[in-house]
Amino acid sequence: AGLAPGDGTSARGVLAVTAAPYWAQETWAVKPPASLLGLRPDTTAGDVQVALLQAHAFAVRGNVADLERVLGRPASAVVVCGGAADDGKLPALLTQVLGRAVHVARGSSGTAAAGAALVCRAVGAHAHVPSLPVTVLPAGDASVHDAPYARWCAAHAALREALPDVSHEQDA
């Protein structure tokens, strides 16, 4: 499913900027306010809902790219857990926005199991890594989302650029 009008996957021009597309100290030091752009008189609650969902998926895309840049290799898996996994909409959108399979750990134990697995790997206890109750969603076509993702990144950059320079005020 792409960004088709009327099927619940199109924000009809509404763009939500709620998170940063990358992790960096300067990103978190001065963040633009959460914003909804492109609102019109005929904008619906559904349009806003889709825009917010897309914003989360775009933030994950940027953060995964940042993580892979730091690792120097592709991440072995993208795992979604917690409330976002239970709904199913975000994991399905992530397969498209990322263009890769997404592992979904549903249920109340999914978040705990994912956290335990990360800790076990970090301390070298690979033999004791708990199994995740996952469903693997197949990869989608990320190229469908390249232009909307670029627009979202540009909106984030423009909002950051419009912020007043507070670095001098902090030094005073």
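Above this text sits the structure in question.
1. Some remarks on the sheet that holds strand E3 (residues 79–81)
Okay, so step 1: Reading across the sheet, the three strands line up as E3-E4-E5 and stay open at both edges, with mixed pairing between neighbours. Strands with a single pairing partner mark the edges of an open sheet, and in this sheet they are E3 and strand E5 (134–137). Taken pair by pair, the neighbouring strands of this sheet meet at an average axis angle of 25°, ignoring direction.
Okay, so step 2: As paired strands, E3 and strand E4 (residues 102–105) are joined by three bridges and run parallel to one another. The residue of E4 that forms the bridge with Cys 81 is Ala 105.
Okay, so step 3: In the packing of helix H4 (residues 89–98) onto the sheet, contacts are made with E3, E4 and E5, and the angle to E4 comes to roughly 165°.

2. Examining unusual backbone geometry
Okay, so step 1: Positive phi is not limited to glycine here, since Arg 12 has a value of about 50°.
Okay, so step 2: In this fold, Arg 12 is placed in the segment before strand E1 (15–17).
Okay, so step 3: Note on Arg 12: relative accessible area 28%, which makes it partly exposed.

About the cut-offs
Residues numbered from 1 in each chain as written. Predicted model: local features only at pLDDT ≥ 70, side-chain atom pairs only at ≥ 80, totals over all residues. Heavy atoms only, no water. Pairing = 2+ DSSP bridges. Helix = DSSP H or I, 4+ residues; strand = E, 2+ residues; numbered from the N terminus. Axes fitted to C-alpha atoms, helices over the stretch in contact; angles between N-to-C directions. Contact = heavy atoms within 4.5 Å. Buried < 20%, exposed > 50% of the residue type's maximum accessible area, 1.4 Å probe, protein only.

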